[in-house]
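Coordinate inspection notes
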Amino acid sequence: MSTSAIVMMIIALLAVWGGLGLALLNLKRNPEAIDDEEADAVLHDGASVSPLR
Amino acid sequence: MSASGKTQQAPSNVSARPQREMWSGRRVFILAAIGSAVGLGNIWRFPYVAYENGGGAFIIPYLVALLTAGIPLLFLDYAIGHRFRGSPPLAMRRLHPKAEAIGWWQVGICFVIAVYYAVIIAWAGMYFIFSFTTAWGEDAAGFFTGEFLQVSDQVNLGFDFVPSVLIPLILVWGVVIAILALGVQKGIARSSIVFMPLLLIMFLILVVQALFLEGAWTGLDAFFTPDWTRLGDSSIWVAAYGQIFFSLSVAFGIMITYASYLRRKTDLTGSGFVVGFANSGFELLAGIGVFAALGFMAASSGVGVDEVAVSGIGLAFIAFPTIIAQAPAGVLLGVLFFGSLVFAGLTSLISIVEVIIAAVQDKLGWRRVKAALIVGIPIALISILLFPTTTGLNLLDVTDAFVNSFGIVAVALVAVVAMSAGFGALPRLREHINATSSVKLGRSWQIFIGGVTPVVLGYILIDTLTTRISEGYGGLPDWFVGVFGWGMVIALVLIAYLLSKIPWSLRSAAYEKNIHEPILDAELDANKSATNKTKGGQTGLPETAASGSAAGEGKNP
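Residues numbered from 1 in each chain as written. Chains lettered and ligands numbered in written order. Predicted model: local features only at pLDDT ≥ 70, side-chain atom pairs only at ≥ 80, totals over all residues. Heavy atoms only, no water.

**As for the overall build of chain B**
- Secondary structure summary: chain B contains 24 helices and zero strands in total.
- Across the 557 residues of chain B, 62% fall into the buried class.
- Considering only contacts within chain B whose residues lie at least 6 apart along the sequence, 85% involve residues at least 24 apart.
- As displayed, chain B offers around 19,400 Å² of accessible surface, 64% of which is attributable to carbon and sulfur atoms. (Helix = DSSP H or I, 4+ residues; strand = E, 2+ residues; numbered from the N terminus. Buried < 20%, exposed > 50% of the residue type's maximum accessible area, 1.4 Å probe, protein only. Contact = heavy atoms within 4.5 Å. Areas by Shrake-Rupley, 256 points an atom, 1.4 Å probe, with all protein chains shown as cover.)

This is the structure:
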């Protein structure tokens, strides 16, 4: 492999896989929020249904 | 009960309406979304597109396209699906009643893709088995079109079935319908949990094995050597945007549907960055694996890599079988390659068919199993009737080319123009994303969606349109291209319009309780609502969209 090809391979791998690593790190630092179960229950209870026009 | 029709009362017995399914968490959503994005195109399209468009230099336009179009479009789909909590027709209808037809257009595109995409998975399944004996011998090309597909000389619509394609195709559809009948969590999520790690492991082993083949580094040299002069050529920028656009499964309803099953407080941008970069990471890996193998093929034949580099069906079913027949431990290489194609294809096909099932479920208020069977079986039958035949290859070629060039690109263009200039929905959708996401979007997101993507998509559409009109398609007869190419893409638009005029069932998801409050962050909405009242109720979206649905939604109990 030529030097320019090796350099571009490393840059491409760092950019794409590095981007994925950063995205995963960001996700880990922001744990999943728990939804308010009551709100979900209201969403699905269907007790009062607004008609569409 | 059309969008402009009279008010109707929903039935009192609304408990019969099925609840909307949900992912158990964002991890399974991310896995399923990656499963959808990573498909056949990552393996057989990206390597050649990169090689043909500047090699190593392609990474620059590719990353620019990913960050300015791919990921922004992914966020747009997430925002629509998550905020309006529906399949494309319902989500679009809730955004604005006039947008429902765009949703049905996306569903129609998914239908067309599903019927031919399944056939390629069936081929890959058979080649997985053929790999054990290298059944194609020394003439992979002749075997593929002759002994295997038995391609007819006639270009028409025939019903002369080829059992070796028909049987695996029936199996593929059986698996897909069974997974979809199990539902979002038990079916799609669980299959992603199994298939995606398996795909990654298989592909990693494949790449490592390919790197040890003689000539592999020559292949990689050809793949990564940059041709900087090409960066000034607009065609490589168009190619980069095209690759990102087709690769990410954006703008034809899949991500809208998948995002509609997310919990309210999901980190949309955080999840989207993982999906976007994982998709690109996989295709970069595919580029390394494919060009290492092509380097071996070139070395074995004593020719340059440029003479063996191909993409698509030619790469998978002609070049790779040739490599497998010649390489040491070729059986393993074949099993890993075709196994990867099967798993990558299956997870994508599942997501494509899910869009159609979810749309029918939403419109008619059907439960999951009923919808999966009543929708899935006819789709499977159409696929089984049209494609595993001696004339199926030409039909697949034309439908694939036209539904991509004039279906997906056109609907994406219409959708981004409608969301930006048409309905002015982007500021509100950005607020929605920012309410629950870790990475906040600035105004640049609106510029990418409303400015960059329409220009790029418009250019790609017009460029392909003029080429097709002047040159036809692949030397095929005009009537064939007219019916299954042009006719099909025009029919998709007309059918979408007609479907948007069919009244929604009283049991449908459109009659769910006001979706506005539960979807957007409650606190943000409450503040917004108070502010809007003082400003006279202006929300940034048309009234029907801002209220989450149509009339009556603003008068919540």
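Now that the structure has been shown, the text picks up again.
**Things to note about the overall build of chain A**
- Broken down by element type, chain A carries two helices and zero strands.
- With 53 residues in all, chain A has 36% of them scored as buried.
- With an accessible surface of roughly 3,100 Å², chain A has 65% of that area assigned to carbon and sulfur atoms.

**Here's the deal with the pattern of salt bridges**
Residue and element names in this part refer to chain B.
- Enumeration according to the criterion identifies seven salt bridges over all chains in this entry.
- When the shortest N-O distance is used, the salt bridge between Arg20 and Asp362 registers 2.9 Å. Here Arg20, found in the segment before α1 (26–37), pairs with Asp362, found in helix α16 (residues 330–364); they are 342 residues apart in sequence, far enough to count as distant. Across this residue pair, the class does not change: Arg20 and Asp362 are buried.
- Residue Glu354 is joined to Arg368 by a salt bridge in which the shortest nitrogen-to-oxygen separation is 2.7 Å. (Salt bridge = Lys/Arg side-chain N within 4 Å of Asp/Glu carboxyl O.)

**Some thoughts on the packing of helix α11 (residues 234–247) of chain B against helix α20 (residues 443–471) of chain B**
Residues and elements named next belong to chain B.
- Contact geometry for α11 and α20: axes closest at 10 Å, N-to-C directions at 105 degrees. In terms of orientation, α11 lies roughly perpendicular with respect to α20. On the side of α11, the interface is formed by Ser234, Val238, Tyr241, Gly242 and Phe245, while α20 contributes Val452, Val456, Leu457, Tyr459 and Ile460.
- Among the residues making up the contact of α11 with α20, the classes are represented as eight nonpolar, two polar and no charged. (Axes fitted to C-alpha atoms, helices over the stretch in contact; angles between N-to-C directions. Parallel < 35°, antiparallel > 145°, perpendicular 65-115°, else oblique. Nonpolar A, V, L, I, M, F, W, Y, C, P; charged D, E, K, R; others polar.)

**Some points on the side chain of B:Ser500**
Residues and elements named next belong to chain B.
- By the secondary structure assignment, Ser500 is in helix α21 (residues 478–500).
- Judged by relative accessible area, which is 13%, Ser500 ranks as buried.
- At a separation of 2.6 Å, a polar atom in the side chain of Ser500 contacts the main-chain carbonyl oxygen of Tyr497.
- Each residue touching Ser500, except ones within four places of it in the same chain, is listed here: Glu100, Ala101 and Trp104. (Polar contact = N/O pair within 3.5 Å; in protein donor to acceptor, adjacent residues only side chain to side chain.)

**Let's talk about the packing of aromatic side chains**
All names here are of chain B.
- Scanning the model with the defined rule gives 41 aromatic pairs over all chains in all.
- Seen in terms of ring centroids, Trp23 and Tyr258 are 5.2 Å apart; in terms of plane orientation they differ by 85 degrees. Their pairing is edge-to-face. Residue Trp23 is located in the segment before α1, and its partner Tyr258 is located in helix α12 (residues 254–259); the two are separated by 235 residues in the primary sequence. Per residue, the accessibility class of Trp23 equals that of Tyr258, and both read buried.
- Their ring planes at 80 degrees and their centres at 5.3 Å tell us that Tyr127 and Phe148 sit as a pair that is edge-to-face. (Phe/Tyr/Trp six-rings, centres within 6.5 Å; stacked < 30°, edge-to-face > 60°.)

**Details of the nonpolar core**
Residues and elements named next belong to chain B.
- Core analysis: the largest hydrophobic core is formed by 208 residues, its most contacted members being Trp23 and Trp173.
- Among the elements that line this core, the one with the most residues is helix α6 (residues 100–130), at 22 residues.
- Residues in contact with Trp23, not counting those within four places in the same chain, are Val28, Phe29, Ala32, Val184, Gln185, Ile188, Ala189, Tyr258, Tyr261, Leu262 and Arg263. (Core = buried A, V, L, I, M, F, W, Y, C linked by side-chain atoms within 4.5 Å.)

**A short note on the layout of surface pockets**
Residue and element names in this part refer to chain B.
- Estimates place the volume of the largest pocket at around 1,500 Å³.
- Around the largest pocket, the lining comprises 47 residues; the ones closest to its centre are Arg45, Phe246, Asp400, Asn404 and Ser405.
- Ranked by the residues each element gives to the lining of the largest pocket, the list is headed by α11, at nine residues.
- Partitioning the lining of the largest pocket into residue classes produces 24 nonpolar, 18 polar and five charged. (1 Å grid on protein atoms, 1.4 Å probe; cavity = no way out; pocket = protein on both sides within 12 Å on 5 of 7 lines; lining within 4 Å. Points joined across faces, edges and corners; volume = space filled by probe spheres on them.)

**A word on α1(B)**
- In a regular helix each residue adds 1.5 Å, so 12 residues correspond to 16 Å; α1(B) covers 16 Å between its end C-alpha atoms and thus fits that length.
- In terms of burial, α1(B) is a largely internal element, 11 of the 12 residues being buried. (Expected span 1.5 Å × (residues − 1).)

**Here we look at α20(B)**
Residue and element names in this part refer to chain B.
- End to end, α20 covers 41 Å across 29 residues, agreeing with the expected 42 Å (1.5 Å per residue, within 8%).
- Thr453 marks where α20 bends most, by close to 30 degrees; the proline Pro454 follows one to four residues later.
- Within α20, burial applies to Trp445, Gln446, Ile449, Thr453, Pro454, Val456, Leu457, Gly458, Ile460, Leu461, Thr464 and Arg468.
- Buried-residue contacts for α20 involve α4 (59–84), α11, α18 (392–422), α19 (426–436) and α21.
- Backbone geometry just after α20 places Gly472 at a positive phi near 70 degrees. (Bend = angle between axes of the 7 residues up to and from the residue.)

**Description of the side chain of B:Asn42**
Residue and element names in this part refer to chain B.
- Along the chain, Asn42 falls in helix α2 (residues 40–44).
- The class for Asn42 is buried, based on a relative accessible area of 1%.
- One polar contact links the side chain of Asn42 to the main-chain amide nitrogen of Gly39, over a distance of 3.0 Å.
- Side-chain polar atoms of Asn42 contact the side chain of Asn279, separated by 2.7 Å.
- Ignoring sequence-local partners within four residues, the contact set of Asn42 consists of Ala37, Pro47, Ser247, Asn279, Phe282, Glu283 and Ala286.

Interpretation note: all reported values are geometric properties and have no functional meaning in isolation.
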